[in-house]
Amino acid sequence: MIWNKIFGKKEEEIDPLKDLVLSNLKTGYLVDYDMKTWSVTAHNKCEWSEGMYSDEWELSSGEEVLYLEREDDDEVMWTLTKKISIAEVGKGIPAYVKENEDPPEEITCREKKYHLEDSCGGRFHKDGKDSYDEFIAWDYEDESEEYVLTIEQWSETSFEAAYGKYVEEYQFTNILPA
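In what follows, the accompanying structure is described. What you are looking at is a predicted structure, and each value in this text was computed from that prediction instead of being measured.

### Considering the environment of Ala42
- Along the chain, Ala42 turns up in strand β2 (residues 36-48).
- Each C-alpha atom, one on Ala42 and one on Glu56, is 8.1 Å from the other, the two residues being 14 residues apart in sequence.
- Ignoring anything within four residues of it in the chain, the contact list for Ala42 reads Thr27, Glu56, Trp57, Glu58 and Asp127.

### Focus: the packing of aromatic side chains
- Applying the stated criterion across every chain, the model contains 5 aromatic pairs.
- When the centroid spacing of 5.9 Å and the interplanar angle of 25° are considered together, the rings of Trp57 and Trp78 count as stacked. In this pair, Trp57 sits in strand β3 (residues 53-61) while Trp78 sits in strand β5 (residues 75-84), placing the two residues 21 residues apart along the sequence.
- Classification of Trp78 by relative accessible area gives buried; the value is 4%.
- Ring pairing ties together the aromatic residues Trp48, Phe124, Phe135 and Trp154, which thus form one cluster.
- Positioned above the aromatic ring of Tyr67 is the side chain of Lys83, whose terminal nitrogen or guanidinium carbon lies 4.9 Å from the ring centre.
- In this structure, Lys112 is placed above the aromatic ring of Tyr147, and the distance from its NZ or CZ to the ring centre is 4.3 Å.

### Here we look at the pairing of β3
- Here β3 lies mainly inside the structure; 8 of its 9 residues are buried.
- Bridge count for β2 against β3 is 8 bridges, and the pairing is antiparallel. Note that in β3 the partner of His43 across the bridge is Trp57.
- Connecting β3 to the next strand, strand β4 (residues 64-73), in antiparallel fashion are 2 residues, including Gly62 with a positive phi near 65°.

### A few points about the side chain of Thr150
- For Thr150, the location among the structural elements is in strand β9 (residues 147-153).
- Looking at Thr150, its side chain comes within polar contact range of the side chain of Asp139, at 3.1 Å.
- Once you skip the residues sitting within four places of it in the chain, Thr150 turns out to touch Ala137, Trp138, Asp139, Glu160, Ala161 and Ala162.

### Points about the pairing of strand β10 (residues 159-167)
- Bridge analysis of β5 against β10 gives 7 bridges, and the strand direction is antiparallel. Within the sheet, the bridge partner assigned to Ile84 lies in β10 and is Ala161.

### As for unusual backbone geometry
- Notably, Met35 is not glycine yet its phi reads approximately 65°, a positive angle.
- Topologically, Met35 is positioned in the loop between β1 (30-33) and β2.
- For Met35, a relative accessible area of 88% translates into the label exposed.
- Positive phi, normally seen in glycine, also occurs at Asp74, with a value near 70°.

Calculation rules
Residues numbered from 1 in each chain as written. Predicted model: local features only at pLDDT ≥ 70, side-chain atom pairs only at ≥ 80, totals over all residues. Heavy atoms only, no water. Helix = DSSP H or I, 4+ residues; strand = E, 2+ residues; numbered from the N terminus. Contact = heavy atoms within 4.5 Å. Phe/Tyr/Trp six-rings, centres within 6.5 Å; stacked < 30°, edge-to-face > 60°. Buried < 20%, exposed > 50% of the residue type's maximum accessible area, 1.4 Å probe, protein only. Lys NZ or Arg CZ within 6 Å of the ring centre and 35° of its normal. Pairing = 2+ DSSP bridges. Polar contact = N/O pair within 3.5 Å; in protein donor to acceptor, adjacent residues only side chain to side chain.

Listed below in structure tokens is the structure:
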């Protein structure tokens, strides 16, 4: 725009062959998945205690909200989850964690059995900002190693849960910038 040229504001240039890939999603972008168009409503970052990092994008389509996470640990892994009530995972989970410092090794949720695969402390950077909230996450997988369940503890009494599955980058199409 001429206005930007006059006042020296540099326009963001997007290379459609290089920049419009899933790992470069930004707030406001659109992406198609499972025959729906999703809007990227947030891009968060997680800093894990092992020195690893992951990206999390909040995707909205109508009233539905999903979370797409990208983790690079020897290979890139993508998960797509939906938040659920901690009571769906087990009404006694917060009390169990308080008493045992960890949740159970095996959990049944939505008619699937999940086994504990990993646990880690982390720092959640909302919108990628420097400020953060600390939390602990326990990751579970079902027997097929296709579905995932995550329990997060944000404070002594604050717990969240999400379930979903592993996805592939090629399942997301038509990425459009804001």
